[in-house]
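# A closer look at the structure
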Amino acid sequence: MTRHIVCYGKCNTYSPDEVEGSLAATLALFGGWRAGLPAPPAHILVKPNLLADFPPDKHVTTHPVVVRAVVKSLLDAGYDVTVGDAPAPSVVRVEKIWAVTGIGAVCEELGVRWISFDAAGHRHVAGINPVDPDLTIALPVMEADAVVN
């Protein structure tokens, strides 16, 4: 069975310095990214949970300051990083979601690609889950060496 590491830290603001400090302290609890991810320059997909086109102050999606801290930390550790998700396509165009949530600007600032799972395609995987034996998994998830969610 695959071992999963889950750690969390407390941060009461979206101040970039405080978020980055909290992330660093949390990563230190288990030895940093390399303790839980393949060695750099592995390809890491960051999936920020973009639900719809709400601005950061509505707290519907992962805050862009948090995404920035995670992506920056992974880049600083030597990883190849892509950001991707599958927002609710019936709500609004995915490009608007990336813009309104601030995640597109983070990707642009840090020079990383962002991918719409719907545009990238899917693979059907059968037989691995007795509850739902026919799964559809986004290709970027299948192609990444690891996913940080």
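Scroll up to find the structure.
Description of the structure in this document. (Residues numbered from 1 in each chain as written. Predicted model: local features only at pLDDT ≥ 70, side-chain atom pairs only at ≥ 80, totals over all residues. Heavy atoms only, no water.)

## Here we look at the sheet that holds strand S1 (residues 43–46)
- Taken in spatial order, the 4 strands of this open sheet run S3-S2-S1-S6, and their pairing is parallel. Taken across any chain shown, the strands that pair with only one partner, and hence form the sheet edges, are strand S3 (113–116) and strand S6 (146–148). Across the sheet, the mean angle from the axis of one strand to that of its neighbour is 30°, orientation sign disregarded.
- In the packing of helix H4 (residues 94–101) onto the sheet, the strands contacted are strand S2 (80–85) and S3, and the crossing angle to S3 comes to about 135°. (Pairing = 2+ DSSP bridges. Helix = DSSP H or I, 4+ residues; strand = E, 2+ residues; numbered from the N terminus. Axes fitted to C-alpha atoms, helices over the stretch in contact; angles between N-to-C directions. Contact = heavy atoms within 4.5 Å.)

## Some thoughts on the pairing of S1
- Alternating positions in S1 separate into two faces, His43 and Leu45 on one and Ile44 and Val46 on the other, with burial throughout.
- Handedness of the crossover joining S1 and S2 through helix H3 (residues 64–76): right-handed. (Buried < 20%, exposed > 50% of the residue type's maximum accessible area, 1.4 Å probe, protein only. Right-handed = clockwise from strand over helix to strand, strands pointing away.)

## Here's the deal with the pattern of salt bridges
- With the rule as written, the count across this model stands at 5 salt bridges.
- The salt bridge partner of arginine 68 is glutamate 109, with a shortest N-O separation of 2.8 Å. With arginine 68 in helix H3 and glutamate 109 in helix H5 (residues 103–110), this pair connects stretches of sequence that are 41 residues apart.
- Classification of glutamate 109 as partly exposed rests on a relative accessible area of 48%.
- Among the ionic contacts, a cluster of salt bridges with common partners joins Glu20, Arg68 and Glu109. (Salt bridge = Lys/Arg side-chain N within 4 Å of Asp/Glu carboxyl O.)

## Comments concerning the environment of proline 48
- Mapped onto the fold, proline 48 is located in the loop between S1 and H3.
- Exposure remark for proline 48: the relative accessible area of 3% places this residue in the buried category.
- Spatially, the C-alpha atoms of proline 48 and isoleucine 103 are 8.5 Å apart, while their sequence positions differ by 55 residues.
- Residues in contact with proline 48, not counting those within four places in the same chain, are Thr62, Val67, Val83, Gly84, Asp85 and Ile103.

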